[in-house]
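Observations on chain architecture
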Amino acid sequence: MNQPHEWSALGRIDLNLFRVFEVIYRERNLTRAAVVLSLSQSAVSHALNRLREQLGDPLFVREGRGVAPTPLARQLAPGIEDALSGLLRSVSRGQRFDPLRDRRTFSLNMPEQMEPVVLPMLIAHLQRVAPQLEVRSSSVHWAELKRELLAGRIDLAIEIARPTDAELRQQMLRQDPLCVVAGPGFSGELTVERYLAAEHVAVTSWRRGICVEDLALGHMGLVRQVRQRCQNYLSAVQLVAQGERLLTMPRQYAELINSGLPNRLLALPLALPPVTLNLYWAREAENEVGNRWLRDQLLQLATARP
């Protein structure tokens, strides 16, 4: 395909003429076409003549009190109608949104361990209120996330709260308190002293192995004994289930993935801050109706969940 040549050929044609063509083709009458287009009949005739010259074909010939399309016009009509309809849908997309009828696909980014908590609940909700919509979940590293949001390849992101710049918008989604997952070998009450003296499993994908609870403990001048590090909580709870080690993690996720394991969920004996999750989106999507609608749905779901 010689794309530069094709774009050059298209650039010689006033695209407004295709709208005139489409209405004449549908109405089969220049007078009626002029009324639909809110133009004078002479303006419609002038536009048609310009398109005839550029395409090298009469396009429409007189027939009774109206006009009939030529073979070339019949060949061109379906493609022109489809192209104009697609352009109208693209332009209208940012101005209107009907969740019951729209077939839009949203891209939602979140850390991998959050997907079991967020996605099933969201999809179940959308099946009731927006059955035609599709949500595709992805997990892009924070360093790449801003670029993907600004490029429109990701519509919304759910991430741990962190500073960002004016090109991104953010809003708190929910706060999830931390709890302690204790293995079956750990018995009795969990005190601050026992928490700090115990062996811990820590979850982090960071190369240096620093996780949010260790940062919070460091600000308090405290250090715990981390004996095992891994990349996800699913592995961590299995490791804890083998003995008496402890794991600190968000309670909502802990309740989900510890079902069926011999672990106990205990209250954290230290006043560590909860995990704050924010919604992030591009500044350009601030007033885009579909994006705003999905943000509202996520906020409603987060508020309704205890």
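Just so you know, these numbers come straight off a predicted model, no measurement behind them.

As for the nonpolar core
- With 42 residues, the main nonpolar core has Leu108, Leu122, Ile158, Tyr195, Leu246 and Leu298 as its most contacted residues.
- Only β3 (105-109), α6 (115-129), β5 (156-160), β7 (178-182), α8 (192-197), α9 (212-219), β12 (275-282) and α12 (289-304) provide two or more residues apiece to this core.
- At seven residues, the largest contribution of residues to this core is made by α12.
- In contact with tyrosine 195, not counting residues within four places along its chain, are Val180, Leu190, His200, Leu217, Arg224, Leu246, Thr248, Leu268, Pro269 and Leu270.
- Counting 21 residues, the second largest nonpolar core, distinct from the first, contains Phe18, Leu37, Leu51 and Ala73.

Digging into the sheet that holds strand β8 (residues 199-203)
- The sheet built from five strands is open, its strands ordered β9-β8-β10-β7-β11 with mixed pairing. Two strands lie at the open edges of the sheet, namely β9 (225-230) and β11 (264-267), each paired on one side alone. The average angle at which neighbouring strand axes cross in this sheet is 35°, direction not considered.
- Pairing between β7 and β11: four bridges, direction antiparallel.

Quick word on the pairing of β8
- With four of five residues buried, β8 lies mostly within the body of the structure.
- The pairing of β8 with strand β10 (residues 246-250) spans two bridges and is classified as parallel. Bridging from a neighbouring strand, histidine 200 pairs with leucine 246 of β10.

A closer look at helix α2 (residues 16-27)
- With 12 residues, α2 should reach 16 Å at 1.5 Å per residue; the first-to-last C-alpha distance of 17 Å fits that figure.
- Summarising burial for α2: nine of the 12 residues are buried, a large majority.
- Within the sequence span of α2, burial applies to Leu17, Phe18, Val20, Phe21, Glu22, Val23, Ile24, Tyr25 and Glu27.
- Taken from the residues just after α2, arginine 28 is the one with a positive phi, measuring 60°.

Comments concerning the packing of α2 against helix α3 (residues 30-37)
- At a minimum axis distance of 9 Å, the contact between α2 and α3 shows a crossing angle of 130°. If you check the angle between α2 and α3, you find them oblique. Considering how the two elements wind past one another, α2 and α3 form a crossing that is right-handed. Contact with α2, carried on its side by Arg19, Val20, Val23, Ile24, Arg26 and Glu27, involves Leu30, Arg32, Ala33, Val36 and Leu37 of α3 and no other residues of that element.
- Of the residues contributing to the contact of α2 with α3, the split by class is seven nonpolar, no polar and four charged.

A closer look at the sheet that holds strand β6 (residues 168-176)
- Taken in spatial order, the five strands of this open sheet run β4-β3-β5-β12-β6, and their pairing is mixed. On the outer flanks of this sheet lie β4 (134-138) and β6, each paired with one strand and no other. Strand-to-strand twist across the sheet, computed as the mean angle between neighbouring axes with direction ignored, equals 25°.
- Looking at chain direction, β6 and β12 are connected through eight bridges and run antiparallel. Paired with arginine 174 across the two strands is leucine 277, which belongs to β12.
- The sheet contacts of α12 involve β3, β5, β6 and β12, and relative to β6 the element is tilted by about 15°.

Parameters at a glance
Residues numbered from 1 in each chain as written. Predicted model: local features only at pLDDT ≥ 70, side-chain atom pairs only at ≥ 80, totals over all residues. Heavy atoms only, no water. Core = buried A, V, L, I, M, F, W, Y, C linked by side-chain atoms within 4.5 Å. Buried < 20%, exposed > 50% of the residue type's maximum accessible area, 1.4 Å probe, protein only. Helix = DSSP H or I, 4+ residues; strand = E, 2+ residues; numbered from the N terminus. Contact = heavy atoms within 4.5 Å. Pairing = 2+ DSSP bridges. Axes fitted to C-alpha atoms, helices over the stretch in contact; angles between N-to-C directions. Expected span 1.5 Å × (residues − 1). Parallel < 35°, antiparallel > 145°, perpendicular 65-115°, else oblique. Left-handed = near helix turned anticlockwise from the far one by under 90°. Nonpolar A, V, L, I, M, F, W, Y, C, P; charged D, E, K, R; others polar.

Just geometry here; none of it tells us what the structure is for.
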